[in-house]
Structures are given as C-alpha cells and as structure tokens.
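Each chain is listed here by its residues.
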Amino acid sequence: MATQHARLLAWVDDMAALCAPSAIHWCDGSDREYQGLLAGMVASGTIVPVPARPESFACRTHPSDVARIEDRTFICTTDRADAGPTNKWADPIEMKATLRGRFTGCMAGRTLYVIPFCMGPLGSPMARFGVEITDSPYVVVSMRIMTRMGANVLAAMGADGAFVPCMHSVGAPLAPGRSDVSWPCATELADKYIVHFPEDPSIWSFGSGYGGNALLGKKCFALRIASHLARDEGWMAEHMLILGLTPPGAAPGSSHTRYVAAAFPSACGKTNLAMLQPSLPGWTVRCVGDDIAWMRTDSDGWLHAINPEAGFFGVAPGTSQESNPNAMATIRRGTIFTNVATTPDGDVWWEGMTAEPPPQLTDWQGRPWQPGCGRPAAHPNARFTAPLSQCPVVDPRFVDPKGVPISAIVFGGRRPRTVPLVIEAHSWAHGVFLGATAGSETTAATIGQSGVLRRDPFAMLPFCGYHMGDYFAHWLEMGRRLGAKAPRIFFVNWFRKGADGRYLWPGFGENIRVLKWMCERLDGHEVAVDTPIGHLPRSGAIDRSGLDLDEAVMAELCAVDRDGWRREITLITEEFASLEPRVPAELRTLLAELARGFGGTSQGRQA
Ligand code: OXD
Ligand code: MN
C-alpha cells in the first residue's frame, strides 16, 4: 500500500497477526472497489438489488443485530470515576486482554479491510482522521457513503498524521467451507463489545455488524471519543443536526442565512427538522447535517460547526412524502436499506411510508407478510444509508472547511406535559441548564415502558465519552470563552398534548413558525415575555398566518404549568443528585432560582 506511515503500518501488521485473515485489502474508495464489494455481497446473499431505485440495495441483518447495544458499550478510563455514572466502565488493561482474546483468529477465512477515513471535509482544520479495520464488506460500503474515505485520505495523512485506530470484527469465524452466512455476527449479547479507550484514543468493536456498532466513525469516534478530545482541546462534539435558515428574499448560504444546531433525543424528528420543508412562503431551510456537529471557536470569535459525516444513516419507519419529502427524494437512488420490507415489484416499504401497505410484502426477515399479521413489515429501527450530496436541500456550505457560524442552539424533547412550545434561555448558563435537564417521554419504539420521562442531557446520554457532570462544566467553560459572541440557546417541544390527549402543535413543516420567532429574537424584536423558566413567545408573536390554530390553543402551548414545573424541579433535583459531586455549582444555583420562581426550594445541595 502506498503509505509511509510507520505507525499505521505497524498497527495494521499487529492487528492482521492477531486476527489471521486470509487476505488484506487497503480500501482506495474508488467506484470500482465499491461496485466490486456490492457485487460480492449480492453473490453471498448479504444484499439484494432494489430495482425500483437505481444503484440501491437492501440488506437483512441477523435478528439479534438490529440496533445499538448500550448494555455492551464500554468507556474504559484509568479512573472509573472519569467515565461517570451514565456510562458502563471497564478497566482498560483487563478489557484489552479480553478483546485480544476475542479477536484472536477471528478473521480466519475472511478478508481484512483497512479503511482510512476522514471525519469532516478533507483539509478542514476541524477534521480528524481515523482508520477502521473490519472484516465486513457492508461496513466498507457504508463507510464510503458516511465518511470521506480511501486513497486521498491516506495521502492526506502523510507519513505521520494523527489517526484514531478503530478495530472491528463481526466476530463470527467462518466454518470451513462455509461462505453462505449472509449476516455473520456474534448472536449472543454477551459476546458483543463496543469499547472505547478515550485516553489512547482507540476503539474496539466485536460481534456486531449493525451500523451504530460497526461504522466506527459515527457514534464511537465522532461522539464518544471526540467528546473526550473536545473537552481536552476546548471544542465541542455534539449529537446535533445543523441547518441553515434563510428569510424570504435572501439566498440560502448568503450573509442572511442563520445556522442553527439542534440536539434531540432519538424519535423526536431530528432528520425531519434538518430537512424541513417550510410552510411559510419564502423561507428556506437547508441541511448541513442531521446527526452530529463538531463546533469550535473560529479566529473571528464566533462558534463554527462542521458536520463530520458525509451521509445519512436515517431511521426509515415514519419517513414519508408528508413527514419528510426531502428525505424521500434523497433515497430515490444510490441508497443502502437495512431491515426494510420489500415489494414484489422491486421496491422497499416501511411502516408510515404510505397509509396502506402494498399487498404481498416480504418482511425484514425475508418472510411473506400480510397486513394485520401482528408483526411489523420493516424493523422499527430499519435504516437508509445515503450520501448527503443526494439531498435536494443540502446547504451550499456543507463542505466549507471553516464550517458554518452558529447563531442559535436548540434543545428539544418529547414532552406531552409541562414544557411549552418554545423557551429562550435567559443566558448561556441558563441554556446549559436547559440542555442538562433535557428529557423525553419514551415511545413504543423504545424498549421498556412507554410514556416514562427519561432524562437525556443534551441528547448525549448514550454518547458522552466521560463524566456527564464534567461535560456540563465544559459547556459552561465554552460559554465563558465565547462571551458576547455565544449563540443564543432555545428549547422546543413539538409534542405538548391537550387534555384530550391530542397533540396541540401540528409539527413538521409548521415548525418554521417557531424558527421564525427565534430569528425575530435574534434580531432584537420585542416578541417575548419573561418568566421563571425563560423567555416565552408574547401573545400573537408566533406567526399563525394560513394555519388553522386558535389563539386559545396557542396560549395553552405557551402556558407555564406551575404544578408541572414544581414536579419537574423535584425530578431535576434527583437527576443532579445522581451526578454529584460533579454538577457545576452554577447549575445548582440555577435550579435553586427556578425553585424560588415557583415559591419553593430545590432539595439539591447548594453551592
Ligand atoms: C442514531 C441514534 O442512530 O441516535 O442516530 O441512535
Ligand atoms: Mn443520532
């Protein structure tokens, strides 16, 4: 391979000696390589072509390998306390010994692929290199969509460029003479390991071929490892979409465009917001990214963000012409579908794509499927993998090596009660308080009980590579650095329900009305009232033109539910107690102030 990078070559040699593959392939990222791998997977039965969509394929995983596995995801720091109570910790030395045991001979009869990749636009000062070793061709083709990868990345790394080594195996040695296992993986949960060593930094993933566990550039590198690096180096790695918002009469990507970064727990419509089709005439929304933002202070003092990814790994069920027409256009070609249903006329289908399922589907496990048979046709976590460049509303600056300047940061959650449609924080520190106390009610799509409020600070609960209390402190520190140039912080809730259990707010393309209000706040208009929970829209301030929504409903959406907030304060007090002694004093003070605003005291420890 054309590299003089001695550390890289030594690492690949070491890993190849450990895993004993039958061949080693350095990925060049070419179309020829991509087509060859796809053809090989069609031949082995891992994927099938989707004739209705050019250059598209569908893949079925093993039923045990359909989602991220938080129970088997580890953060290995020397001091257990540094991983914090929200992460699963293991001793780094013991874990490395366990992993070396697991990887020994695990690629026998298989090809070891070396994937040099770059998170972020090549040449961007904010971009970082990684190299993934894998025995899964599905991982290689997916990484080609999700990252910049191949020979040009290897060249850019030069002879000494820093990279994060990312080691992956599906963890199922081929039995002699068997090449027919279409989705090899470790089928027992206890045999799967998604392991992070933030102090190296390095990543080892064994036993799963599913995207979130196997495409190591995404959650493992760009969030868990990167959040740790970002804390040490003074930047931010966040579970956020990035969108560009342009008012009527101005060109997208011009000086009138405002960029917004937004964090929502899963099942809250992040991809839909990132590609929003505005219902208000003249407004445009453009997508820079739908899942991850890396942000740092630029030489001009403003916070700039890049999307470290180059593709979408989106949840398919619920995606439709109505909920997200731009996602539907993105996946018309050149897409890899995972665990969707297939139709007899060569297309894909999932719950929510159309009101009525087409007749005679084949379900995600390859079985015939009829409506009313009692099981979903597509897996609830079925996915599409497609390049960002195929999105019809991709922002013109998504490849800008300097990133885009962020004017506003938005947090959100699925909160049927208590939390109003939109809140603007009183200050950066209060915005950090809103992010730290974010949560969402669980839905039927989440394993466990539905309708339970789960705290998910900054939507980073499964992705923060260190102690959550230290992460709050890092956010506060970033605010001090940004000073007057800090973006304004908002909290939105599209999911508030009325007494009859129905959603009060229509959501989707109508969310532009809330984004418009945010712009008015940024422009300094008097469109808010001050309350103990933050600035809320003044009566009549949210544009309802062309929308059939009563003023009374709007008032309910923006009401401060005093009893609800008293209960909320008790819950936040419990959350903070679980993160002690590392909750920053500033956040405890803000909790006490909130409690005073509702005529009580928080039970939290005071600074
Ligand atoms: C994702 C997730 O897949 O957040 O993006 O789980
Ligand atoms: Mn995500």
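For clarity, every value in this text was computed on a predicted model and none was experimentally measured. (Residues numbered from 1 in each chain as written. Chains lettered and ligands numbered in written order. Predicted model: local features only at pLDDT ≥ 70, side-chain atom pairs only at ≥ 80, totals over all residues. Heavy atoms only, no water.)

1. Here we look at the site of ligand 1
Next, step 1: The immediate surroundings of ligand 1 are formed by Arg68, Lys219, His239, Asp291, Arg383 and Phe463.
Next, step 2: Taking Asp291, its side chain carries an N or O atom lying 3.2 Å from an oxygen atom of ligand 1.
Next, step 3: With respect to ligand 1, the side chain of Arg383 contributes an N or O atom lying 2.9 Å from an oxygen atom.
Next, step 4: In the complex, 85% of the free accessible area of ligand 1, which totals 210 Å², lies under the protein chains.
Next, step 5: The residue inventory of the shell around ligand 1, partitioned by class, reads one nonpolar, one polar and four charged. (Near = heavy atom within 4 Å. Polar contact = N/O pair within 3.5 Å; in protein donor to acceptor, adjacent residues only side chain to side chain. Areas by Shrake-Rupley, 256 points an atom, 1.4 Å probe, with all protein chains shown as cover. Nonpolar A, V, L, I, M, F, W, Y, C, P; charged D, E, K, R; others polar.)

2. A look at the coordination of the manganese ion (ligand 2)
Next, step 1: In this structure, Lys219 (NZ), His239 (NE2) and Asp291 (OD) serve as the protein donors to the manganese ion (ligand 2), at separations of 2.1 to 2.2 Å.
Next, step 2: When the donor residues of the manganese ion (ligand 2) are listed from N- to C-terminus, their spacing reads K-x19-H-x51-D. With His239 in the loop between β12 (236-238) and β13 (241-246) and Asp291 in the loop between β15 (284-289) and β16 (293-297), this residue pair connects regions lying 52 residues apart in the sequence. Neither His239 nor Asp291 differs from the other in exposure class; each is buried. (Donors = N, O, S within 2.8 Å, 3.2 Å for Na, K, Ca; no water. Helix = DSSP H or I, 4+ residues; strand = E, 2+ residues; numbered from the N terminus. Buried < 20%, exposed > 50% of the residue type's maximum accessible area, 1.4 Å probe, protein only.)

3. Observations concerning helix α2 (residues 31-44)
Three- or four-residue spacings in an α-helix give side chains the same orientation, since the helix completes a turn every 3.6 residues.
Next, step 1: Between its first and last C-alpha, α2 extends 20 Å over 14 residues, near the 20 Å set by a 1.5 Å rise per residue.
Next, step 2: Inspection of α2 places Glu33, Tyr34, Leu37, Leu38 and Met41 among the buried residues, and these make up the whole buried set. The buried residues of α2 occupy an angular sector of 130° when the element is viewed end-on, so they sit on one face. Among the exposed residues of α2, those pointing more than 90 degrees away from its buried face are Arg32 and Ala43.
Next, step 3: Following α2 by one or two positions, Gly45 adopts a phi angle in the positive range, close to 85°. (Expected span 1.5 Å × (residues − 1). Arc of directions from axis to C-beta.)

4. Digging into the pairing of strand β10 (residues 193-197)
Next, step 1: Among the five residues of β10, five are classified as buried, and the element is accordingly described as predominantly covered.
Next, step 2: Where burial is concerned, the two faces of β10 agree: the one with Tyr193, Val195 and Phe197 and the one with Ile194 and His196 are both buried.
Next, step 3: As defined by bridge partners, strand β4 (residues 73-75) adjoins β10 across three bridges and the pair is classed as parallel. When the bridges of β10 are listed, Phe74 appears paired with Val195.
Next, step 4: Alignment of β10 against strand β11 (residues 202-206), held across five bridges, turns out to be antiparallel. Considered in β11, the bridge of Tyr193 is made with Phe206.
Next, step 5: Where β10 folds back onto β11 in an antiparallel hairpin, the turn is made up of four residues. (Pairing = 2+ DSSP bridges.)

5. Section: the packing of aromatic side chains
Next, step 1: Under the defined criterion, the tally for this structure stands at 23 aromatic pairs.
Next, step 2: Among the aromatic residues, those joined into a cluster by ring pairs are Phe411, Trp428, Phe433, Phe458, Tyr466, Tyr471, Phe472, Trp475 and Phe576.
Next, step 3: Cation over ring: Lys96 sits above Phe197, and NZ or CZ is 4.6 Å from the ring centre. (Phe/Tyr/Trp six-rings, centres within 6.5 Å; stacked < 30°, edge-to-face > 60°. Lys NZ or Arg CZ within 6 Å of the ring centre and 35° of its normal.)

6. Looking at unusual backbone geometry
Next, step 1: Of note, the amide linkage connecting Asp200 to Pro201 takes the cis form, showing an omega dihedral of -10°.
Next, step 2: The omega angle of the peptide bond from Glu580 to Pro581 is 10°, so this bond is cis rather than trans.
Next, step 3: One non-glycine residue, Asn339, lies in the positive phi region at around 65°.
Next, step 4: Within the secondary structure, Asn339 sits in the loop between β19 (336-338) and β20 (341-342).
Next, step 5: The class for Asn339 is buried, based on a relative accessible area of 1%.
Next, step 6: Positive phi values are uncommon outside glycine, yet Ala459 reaches one of about 55°.
Next, step 7: Relative to the assigned elements, Ala459 resides in the loop between β28 (453-455) and α12 (468-482).

7. Some points on the packing of α2 against helix α5 (residues 137-146)
Next, step 1: Closest axis-to-axis distance for the α2/α5 pair is 10 Å, and the angle between their directions is 140°. As far as their axial angle goes, α5 and α2 are oblique. Of the two elements, α2 crosses α5, and the hand of that crossing is left-handed. Along its contact with α2, which presents Asp31, Tyr34, Leu37, Leu38 and Met41, the element α5 presents Pro137, Tyr138, Val140, Val141, Arg144 and Ile145.
Next, step 2: Here the residues of the contact of α2 with α5 sort into nine nonpolar, no polar and two charged. (Axes fitted to C-alpha atoms, helices over the stretch in contact; angles between N-to-C directions. Parallel < 35°, antiparallel > 145°, perpendicular 65-115°, else oblique. Left-handed = near helix turned anticlockwise from the far one by under 90°. Contact = heavy atoms within 4.5 Å.)

8. A word on the domain arrangement of the protein
Many descriptions give the size of an interface as the accessible area lost when the pieces come together.
Next, step 1: Domain boundaries in the protein define domain 1 (6-233), domain 2 (238-310 + 396-606) and domain 3 (312-390).
Next, step 2: Distance from the C-alpha centre of domain 1 to the C-alpha centre of domain 3: 25 Å.
Next, step 3: Contact with domain 1, which involves 25 residues of that partner, is made by 29 residues of domain 3.
Next, step 4: Both sides of the domain 1 and domain 3 interface together cover about 2200 Å² of buried area, and 58% of this is carbon and sulfur. (Domains from an automatic or database assignment. Buried area = accessible area lost by both parts, 1.4 Å probe.)

9. Some details on the environment of Lys516
Next, step 1: Position of Lys516 relative to the elements: it lies in helix α13 (residues 512-522).
Next, step 2: Given a relative accessible area of 18%, Lys516 falls into the buried group.
Next, step 3: Sequence separation of Lys516 and Leu245 is 271 residues, and the distance between their C-alpha atoms is 8.8 Å.
Next, step 4: Dropping the residues within four chain positions of it, Lys516 is found in contact with Leu280, Trp283 and Asp543.

10. A short note on the side chain of Glu424
Next, step 1: By the element assignment, Glu424 lies in strand β26 (residues 422-424).
Next, step 2: A polar contact of 2.6 Å, which involves the side chain of Glu424, links it to the side chain of Arg488.
Next, step 3: For Glu424, the residues in contact, after removing those within four places along its chain, are Arg488, Ile489, Phe490, Trp517, Arg521, Gly534 and His535.

11. Section: the sheet that holds β19
The strands that make up a sheet are held in pairs by hydrogen bonds between backbone atoms, and each pair lies either parallel or antiparallel.
Next, step 1: As summarised here, the arrangement of the five strands in space is β2-β3-β19-β24-β18, forming an open sheet in which the pairing is mixed. Strands with a single pairing partner mark the edges of an open sheet, and in this sheet they are β2 (47-49) and β18 (311-315). If you compare each strand with its neighbour and ignore which way they point, the axes differ by 20° on average.
Next, step 2: Sheet analysis places β19 next to strand β24 (residues 383-387), joined by three bridges and oriented antiparallel. Residue pairing in the sheet places Ile336 in a bridge with Thr385 of β24.

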